[in-house]
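# Structural overview
If you want the building blocks of each chain, they are given just below.
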2 protein chains.
Amino acid sequence: MEVTYAGDLHWTYLESGIFFPCVVSCPGGGGRIVNTSDGDLGRERVPALLAARDDATCRVREVLDRVGEKWAISVIAELGKEPRRFNELRRAIPGVSQRMLTATLRGLERDGLVTRAVHPVVPPRVEYELTPLGETLLDTVSALLGWALDHIDDIDKARIEYDAH
Amino acid sequence: MEVTYAGDLHWTYLESGIFFPCVVSCPGGGGRIVNTSDGDLGRERVPALLAARDDATCRVREVLDRVGEKWAISVIAELGKEPRRFNELRRAIPGVSQRMLTATLRGLERDGLVTRAVHPVVPPRVEYELTPLGETLLDTVSALLGWALDHIDDIDKARIEYDAH
DNA sequence: CTGTATCCCGGACGATACTG
DNA sequence: CAGTATCGTCCGGGATACAG
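A brief structural summary. Residue positions are given per chain, counting from 1 as you read along its sequence in written order. Chain labels run from A onward and ligand labels from 1 onward, assigned in the order the entries are written. Given that the model is predicted, a residue must reach a pLDDT of at least 70 before its local features are reported, and side-chain atom pairs must reach 80 or more before they are shown or counted; all residues, however, enter totals for whole chains, interfaces and linings. For side-chain calculations, the full set of non-hydrogen atoms in the structure is used, while hydrogens and water are omitted.

## A word on the environment of Pro-132 of chain B
Numbering of helices and strands runs from the N terminus, with a helix taken as a DSSP run of H or I at least four residues long and a strand as a DSSP run of E at least two residues long. Relative to the helices and strands, Pro-132 of chain B resides in helix H5 (residues 132-163). It is 7.6 Å that separates the C-alpha atoms of Pro-132 of chain B and Leu-113 of chain B, two residues lying 19 residues apart in sequence.

Here you go:
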């Protein structure tokens, strides 16, 4: 059985005495490997988003990172229901620390997703609200959350099976 | 001017001599703050997703975490174009280390989003492919990426303005 | 009430070396 | 080729203390 290879192949000599690529008896009785030259006949499901690693692509990461932030989604979801004050948010989102809530809100504000309105009274009254831009993100993220809810059972099942080897 | 307050209020005595809540002259001439008892008249944009912090809600985090993983989206996007071998993926995703690519693929495989097919030949040939479940995630995530691409300029503008104070 | 300022830890990630 | 193993770094984020 002969093995041919496509692509930039690196030849390596292994301690075990194996020299790659080489001809070896094939346990599975596997067939011949031929030129796998993969022409660009992709399904083109992703609109050249991550295909081309250009500027825009890298900046997309920032959005993903924001969504990935531990508390951002919860905050957006809460504000999606109605404008909230700082400690209202804190109470509405179990487990969030003051530090992280502040940081998350600052980040969202910086990105133009949330507005922060300070009312000059004592005690201070600060209201947070979703901007129109923030609301569009809420819609999009809701779709992702919907997917998650729809397929969590599938994922759980897959994990159990995988972990069982 | 009198200030009334709703909610579980904690009284604090500050070093500066201020006692909260208290009556103070208000720079902005701000008005009276009345009972803010927020009845549950939310806009109900998020379908009780993060509203109720139940089991499912917590598990949604896992999906978000996976999406937030630094390389998961890139891998899914690549595999969304066509099945790939390990080092093909590595070359297609600039910057990813062998370690992280392996870890990412294992995670996706465990979640049932990617299949790993080992061909028993020498040298080893391992092909990764999106499962049907993985393809549905690709669709959903593409929507999010689309949002990102559509609004990156808005976000950049907001950041510049914010940073300028 | 609505925040800063510090300290500190664990986990994510990269670099490097090694293996079948 | 397709991985594991090990180590070191960095930083997200929790705990706590303090302030206007």
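Don't stop here, the text continues.
## Points about the pattern of salt bridges
Salt bridge, as used here, is a side-chain nitrogen of Lys or Arg placed within 4 Å of a carboxyl oxygen of Asp or Glu. For the coordinates displayed, the defined rule picks out 20 salt bridges over all chains. In this structure, Arg-61 of chain A engages Asp-65 of chain A in a salt bridge whose closest nitrogen and oxygen atoms are separated by 3.1 Å. Here Arg-61 of chain A and its partner Asp-65 of chain A are both found in helix H1 (residues 55-68), four residues apart, which amounts to about one turn of the helix. Any residue under 20% of the maximum accessible area for its type is buried, any over 50% is exposed, and the rest in between are partly exposed; the area is computed with a 1.4 Å probe on protein chains only. Take Arg-61 of chain A: its relative accessible area is 24%, and that puts it in the partly exposed class. Close ionic contact of Glu-62 of chain B with Arg-159 of chain A constitutes a salt bridge, the shortest N to O distance being 2.4 Å. Here Glu-62 of chain B is found in helix H1 (residues 55-68), whereas its partner Arg-159 of chain A is found in helix H5 (residues 132-163) on a different chain.

## Structural notes on the nonpolar core
With 63 residues, the main nonpolar core has Tyr-128 and Trp-147 of chain A together with Tyr-128 and Trp-147 of chain B as its most contacted residues. Contacts are assigned to residue pairs that have any heavy atoms within 4.5 Å of one another. Trp-147 of chain B has contacts with Val-63, Leu-113, Leu-133, Thr-136, Leu-137 and Thr-140 of chain A together with Ile-155 of chain B, leaving out every residue within four places of it along the chain. The criterion is simple. A nonpolar core is a set of buried Ala, Val, Leu, Ile, Met, Phe, Trp, Tyr and Cys residues joined through side-chain atoms within 4.5 Å.

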